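# Structural overview for review
One-letter residues, chain by chain:
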Amino acid sequence: MWHLGCYNCRHVMLGVGHSAQYAPFLRRVNEAGDARMCVSILLGEPIVREIEACGNTVYALDGDIFRTTKLVDKTLIEKLSVQHTEATKPQSSPVARAATQAVLTPATSTSSMSPPQTSWAKITKSASPPPKLTMPLPPKQDKTKPASKTPPQPAWSPGPRGRDPPITVGVPAMEDIKRREDTDKLCNNHFLRGPCTRIGACTFNHTFKPSKEQLKALAMLARQNPCINGQDCDVNDCIYGHNCPNVTNGVCTRSHCRFKVDGHPPNTKFTNSKIHEN
């Protein structure tokens, strides 16, 4: 009724054609002069006869503006309303949220904060002490009794000359010397204790300039050949072997070892099955 009395209101459209309970209201409105001409009914679902009997103009709009069936479950309307409210609710910005939080300043940060209820000092003070571990004491040794020591074993010696000093050489240098063939092989006498006295007749290489590692490899290979004088050799710079240099962990690793059995330490195991024929 207020809308009809408003100067700016020209027409009222009511979507009440589905319910007969609005019929008394329409009849009271229609009694007020020309109000019937200013109030129309929007047709959604089929209009009830009580509303149709009021005589107001009915407009049927095309499209899906109104439902064609009644809503029985009203909770659906409430859920849709809540979802719409949440979707349209303005979200506060991070700046606004930060403005509402308390800001600690150097003047207020320590005074406004209450001390914690517990602290590490309180916990450690009230905690029970750790259990003490007792370890059995080792038996006291009688210092007056001399400790038994294994007498040092004498190093093995193949004879009066003794063992040749060991030579350690890298694998690359050894492989380089082994790969040389025919006239490219290095002359042992020339490079190990040279110069070679038979350069004119010697068929080996005398012009190569070997490195220190290559000289070690050449000396190691020269020792694979047993000296003809064995332990009786009195040549200080003899380049040949006076004992087998291939024994490792009690095993002679050279399958074609040319040394005699007594040129190896006692109890040596051999990979050369014909070692006794040397």
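Keep in mind it's a predicted model, so treat the numbers as computed, not measured. (Residues numbered from 1 in each chain as written. Predicted model: local features only at pLDDT ≥ 70, side-chain atom pairs only at ≥ 80, totals over all residues. Heavy atoms only, no water.)

## Structural notes on the UniProt feature "zinc finger region: C3H1-type" (unreviewed entry) in the chain
The feature "zinc finger region: C3H1-type" (unreviewed entry), as given by UniProt, occupies residues 181-209 in the numbering adopted here. Between the end C-alpha atoms of residues 181-209 the distance is 16 Å, and the span holds 21% helix and 0% strand. (UniProt positions renumbered as here; feature names shortened; annotations may be inferred. Helix = DSSP H or I, 4+ residues; strand = E, 2+ residues; numbered from the N terminus.)

## Points about the sheet that holds strand 4 (residues 247-248)
Read across the sheet, three strands follow the order 4-5-6 without closing on themselves; strand pairing throughout is mixed. Two strands lie at the open edges of the sheet, namely strand 4 and strand 6 (269-270), each paired on one side alone. Where strand 5 (residues 251-252) lies against strand 6, two bridges are found, and the strand directions are parallel. Note that in strand 6 the partner of Val 251 across the bridge is Lys 269. (Pairing = 2+ DSSP bridges.)

## Some thoughts on the side chain of His 264
Relative to the helices and strands, His 264 is located in the loop between strand 5 and strand 6. By relative accessible area, which is 3% here, His 264 ends up buried. When near neighbours in sequence (up to four residues on either side) are disregarded, His 264 contacts Trp 156, Cys 244, Val 247, Cys 252, Cys 257, Phe 259, Phe 270 and Ile 275. (Buried < 20%, exposed > 50% of the residue type's maximum accessible area, 1.4 Å probe, protein only. Contact = heavy atoms within 4.5 Å.)

## Some words on the state of the cysteines
Under the criterion given, the structure shown has zero disulfides. As a non-bridged cysteine, Cys 244 has Cys 252 as the owner of its nearest cysteine sulfur, 3.7 Å distant. The class of Cys 244 is buried, set by a relative accessible area of 5%. (Disulfide = S-S within 2.5 Å.)

## Some details on the packing of helix 9 (residues 171-178) against helix 11 (residues 212-222)
For the pair helix 9 and helix 11, the least separation of the axes is 8 Å and the interaxial angle reads 65°. Here helix 9 runs over helix 11; the crossing is right-handed. For the pair helix 9 and helix 11, the contacting residues are Ala 173, Met 174, Asp 176, Ile 177 and Lys 178 in the first and Glu 213, Gln 214, Ala 217, Leu 218, Met 220 and Leu 221 in the second. Grouping the amino acids of the contact of helix 9 with helix 11 by side-chain chemistry returns seven nonpolar, one polar and three charged. (Axes fitted to C-alpha atoms, helices over the stretch in contact; angles between N-to-C directions. Left-handed = near helix turned anticlockwise from the far one by under 90°. Nonpolar A, V, L, I, M, F, W, Y, C, P; charged D, E, K, R; others polar.)

## Let's talk about the pattern of salt bridges
Counted according to the given criterion, the structure contains three salt bridges. One salt bridge connects Arg 179 with Asp 176, and the closest N-O pair in it is separated by 3.8 Å. When its relative accessible area of 57% is taken as the criterion, Arg 179 is described as exposed. (Salt bridge = Lys/Arg side-chain N within 4 Å of Asp/Glu carboxyl O.)

## Some thoughts on helix 2 (residues 23-30)
All buried positions along helix 2 are accounted for by Ala 23, Leu 26, Val 29 and Asn 30. Buried residues of helix 2, seen end-on, are gathered within an arc of 120° and therefore sit on one face of the element. (Arc of directions from axis to C-beta.)

## Details of the sheet that holds strand 2 (residues 39-43)
Reading across from one edge, 1-2-3 is the order of the three strands in this open sheet, with parallel pairing throughout. The open sheet has two edge strands, strand 1 (12-14) and strand 3 (57-60), and neither has a second partner. Neighbouring strand axes in the sheet, compared pairwise and without regard to direction, differ in orientation by 35° on average. Strand direction decides the pairing type here: strand 1 and strand 2, joined by three bridges, are parallel.

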